[in-house]
Amino acid sequence: MDKNQVWAQTLQKISTKISMMEFHTWFKKVHLKQISGGAILLGCPTEMNKNWMENKYQSMILINVKKVLPEIENVFFEVDLALASTPEQNPEVFVKKQAPRKLPNRPETRSATGVESRIIQPQFTLQNFIIGEETKFAHAVCTAIAETAVNEVKKYNPLYIHGGVGLGKTHLLQGTANELLRRNPNAVIIYTTAERFTNDIVKGIATRKMDAVRKKYRKADVLLIDDVQFLGGKNQTQIELFNTFNDLRDMQKQMIFSADRPPSQLENIVDRLTSRLGWGLIVDVRMPGFETKKAIIQEKAREMGIILPPELEDFIATNIRRNLRELENVLNKISIELEISGKSPTEQSVAKIFRSLNPDDDLLAGNKGKQGLAKGPDDIITFISDYFHLPATDLIGTSRKKEIVQARQIAWILCKEILKMSYEAIGKAFGGKNHTTIMHGIKKIQKLRRTDSTIARHIHALKKDLGVR
Ligand code: ADP
Ligand code: MG
């Protein structure tokens, strides 16, 4: 049964349970977007409609959709603004079928013949690259380059993008190549990796066909070479690239390079080549922050057809710490488990996936889950006693041992800053202490926090663990 039929049958059932007016007001434009792993995702035309659905109809929808598809366990909602402007989704209680919504701005990729474009993956585009603070400059420059006609004067030539593993360099290079191919179907866009380039040169030398190899690269309107750090120690290849570089630059052809470090730190590459790589514009990409990570997760999940509840997006975003390739691994595993077990992913099942990938990592609770973790002074006492491995009774007691006194004062400052408690209230929560004791204690730790970096770090870490920024 396809999803339109599932939704049509569900609506049929719902329409008999509520008034026609209610039904028309709230369900008219709601659309079933996805069925996956025991969950359905409903698109709602407005934020208000979504909130209303969530608060009032969620369980009713679940009960009725289960009558159609018994394996459904969860109902999720998202706002889909496109629905607001379309005519009714389900006129006269759902007869008309809806054409699948086209994804915005997904360019088709056409490959120029005879070039290496076959290794360019169509799924990497500049449109589905999520822009955050850490990558927006690199993305903007790539877009500007992609939008410059191949025979125009180049502003950023060469462009050199550097950053650690899994931070989007290949995505940007291939996305730029895809956009260039789309805009200039007859141009010769060569994307290659330094490794392939090296293999080409080695083969050219071995088969005495260097002329053909040289010609191939000199033909490029745009040459993109990924991971040039790989050229370290490959002397012959470096000379060839040096010569190709000079020729292409003379002809005003655009070049883009990527590497895991800036040109000045490349090892075992001749100076005249590294200096040329840095002649144009050098930009870096860094690990994105929480919000950007979350947006990337949403985009990838959508591309893979997985529905993730918001808490899980938070949980994954919090725990992807080193590089975004991990993210692809995690989502792939979720998708495989979904296929095998048919169950919606949960925080436990995803935590297991993380542990299987990085057994040594401590997992952090998702951001949402953490917020408001400290609801009262007792929570802070429990947290601190756990953090410093001290019994809670020491924290509310009167021991003058230095580390106990400091832990206690840190607990007070957190009560003050997170819970906004008064000195009196804190004193009461910590075994009936006088408010002046609390005030002096907080002053003391406040001062230490400015001079002692260990104390400052503890407070920072505790606040972070408690979901406070
Ligand atoms: P690198 O080449 O720097 O090692 P990749 O380009 O291969 O990294 O990126 C690793 C994964 O992360 C890819 O799946 C890529 O699509 C994804 N990725 C990285 N940055 C972004 C971003 N800003 N938006 C969307 N996906 C991203
Ligand atoms: Mg790469």
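What counts, and at which threshold
- Numbering of residues starts from 1 in every chain and runs along the sequence as written.
- Chains carry letters from A onward and ligands carry numbers from 1 onward, assigned in written order.
- At least 70 in pLDDT is required for a residue's local features to be given in this predicted model, at least 80 for side-chain atom pairs to be given and counted, and no such filter applies to totals for whole chains, interfaces and linings, which use all residues.
- Hydrogens and water molecules were not included; the side-chain quantities draw on all heavy atoms of the structure.
- Every helix listed is a DSSP run of H or I at least four residues long, and every strand listed is a run of E at least two residues long, numbered separately from the N terminus.
- We take the radius of gyration over the C-alpha atoms and set the globule estimate at 2.2 Å times the residue count to the 0.38 power.
- Working definition: with a 1.4 Å probe on protein chains only, accessible area under 20% of the residue-type maximum means buried, over 50% means exposed, and in between means partly exposed.
- Any two residues having at least one pair of non-hydrogen atoms within 4.5 Å are treated as being in contact.
- If even one non-hydrogen atom of a residue comes within 4 Å of a molecule or strand, that residue is called near it.
- The definition of a polar contact used here is a pair of N or O atoms within 3.5 Å, where within protein one atom must be able to donate a hydrogen and the other to accept one, and adjacent residues in sequence count solely through side-chain atom pairs.
- What sets the accessible areas is the Shrake-Rupley method with a 1.4 Å probe; for residues, cover comes only from the shown protein chains.
- One requirement defines pairing of two strands: DSSP has to find at least two bridges between them.
- Handedness rule for crossovers: strands pointing away from the viewer, path from the first strand over the helix to the second running clockwise, crossover right-handed.
- Here an angle of 0 to 180 degrees is reported between the N-to-C directions of two axes, which are lines fitted to C-alpha atoms, with helices fitted over the stretch in contact.
- Positive charges come from Lys and Arg alone, negative charges from Asp and Glu alone, with His and the N- and C-terminal ends not counted.
- In the sections that follow, a salt bridge refers to a side-chain nitrogen of Lys or Arg positioned within 4 Å of a carboxyl oxygen of Asp or Glu.

Quick word on the overall build of the protein chain
A tally of helices and strands in the protein chain yields 22 helices and 8 strands. Against the 2.2 N^0.38 benchmark of 23 Å for 469 residues, the protein chain shows a C-alpha radius of gyration of 29 Å, more extended than a compact globule. Here the C-alpha coordinates of the protein chain stretch approximately 85 × 70 × 40 Å along the principal axes. Among the 469 residues that make up the protein chain, the fraction classed as buried is 48%. A fraction of 73% describes how many contacts in the protein chain between residues 6 or more apart in sequence connect residues 24 or more apart.

Focus: the site of ligand 1
For ligand 1, the set of nearby residues contains 17 residues, the closest of which are Gly166, Thr170, His171, Lys300 and Arg325. The contact in question runs from an oxygen atom of ligand 1 to an N or O atom on the backbone of Gly166, over 2.6 Å. Lys169 places a side-chain nitrogen or oxygen 2.8 Å from an oxygen atom of ligand 1. When ligand 1 sits alone it has 560 Å² of accessible area, and the protein chains cover 95% of it.

With respect to the pairing of strand 7 (residues 254-259)
Every regular strand shows the same layout, with side chains that alternate between the two sheet faces. For strand 7, a buried count of 6 out of 6 residues is recorded, marking the element as mostly surrounded by other parts of the structure. Relative to strand 7, strand 4 (residues 159-162) runs parallel, the two being bridged by 4 bridges. Looking at the pairing, Ile161 lines up with Ser258 of strand 7. The pairing of strand 6 (residues 222-226) with strand 7 spans 4 bridges and is classified as parallel. Across the sheet, the residue bridging to Leu224 is Ile256, located in strand 7. Viewed along the sheet, the connection from strand 6 through helix 10 (residues 235-250) into strand 7 turns out right-handed.

Things to note about the sheet that holds strand 2 (residues 39-44)
Spatially, the 3 strands line up as an open sheet ordered 1-2-3, and their pairing is mixed. Of all the strands in the sheet, the pair left with one neighbour each is strand 1 (31-36) and strand 3 (74-79). Between one strand axis and the next, the sheet turns by 25 degrees as a mean value, whatever way the strands run. The sheet contact formed by strand 1 and strand 2 spans 5 bridges and is antiparallel. By the bridge assignment for strand 2, Ser36 is matched with Ala39. Helix-sheet contacts for helix 1 (residues 3-15) involve strand 1 and strand 2, and the interaxial angle to strand 1 is about 120 degrees.

Concerning the sheet that holds strand 6
Read across the open sheet, the 5 strands follow the order 5-6-7-4-8; overall the sheet is parallel. Edge positions in the sheet fall to strand 5 (189-193) and strand 8 (281-284), since each of these pairs with one other strand and no more. Across this sheet, the average inter-strand angle for adjacent strands is 15 degrees, counted without regard to direction. The strands touched by helix 6 (residues 136-147) are strand 4, strand 7 and strand 8; relative to strand 8, the strand with the most contacts, the crossing angle is about 135 degrees.

Concerning the environment of Ile239
Residue placement: Ile239 occurs in helix 10. For Ile239, a relative accessible area of 36% translates into the label partly exposed. In sequence terms Ile239 and Ala194 are 45 residues apart; their C-alpha atoms lie 13 Å from each other.

Regarding the side chain of Lys169
Within the secondary structure, Lys169 sits in helix 7 (residues 169-183). Nearest to the buried, unbridged Lys169 among oppositely charged side chains is Asp227, at 5.0 Å. Within the structure, the side chain of Lys169 is placed 2.9 Å from the backbone oxygen of Gly163, a separation counted as a polar contact.

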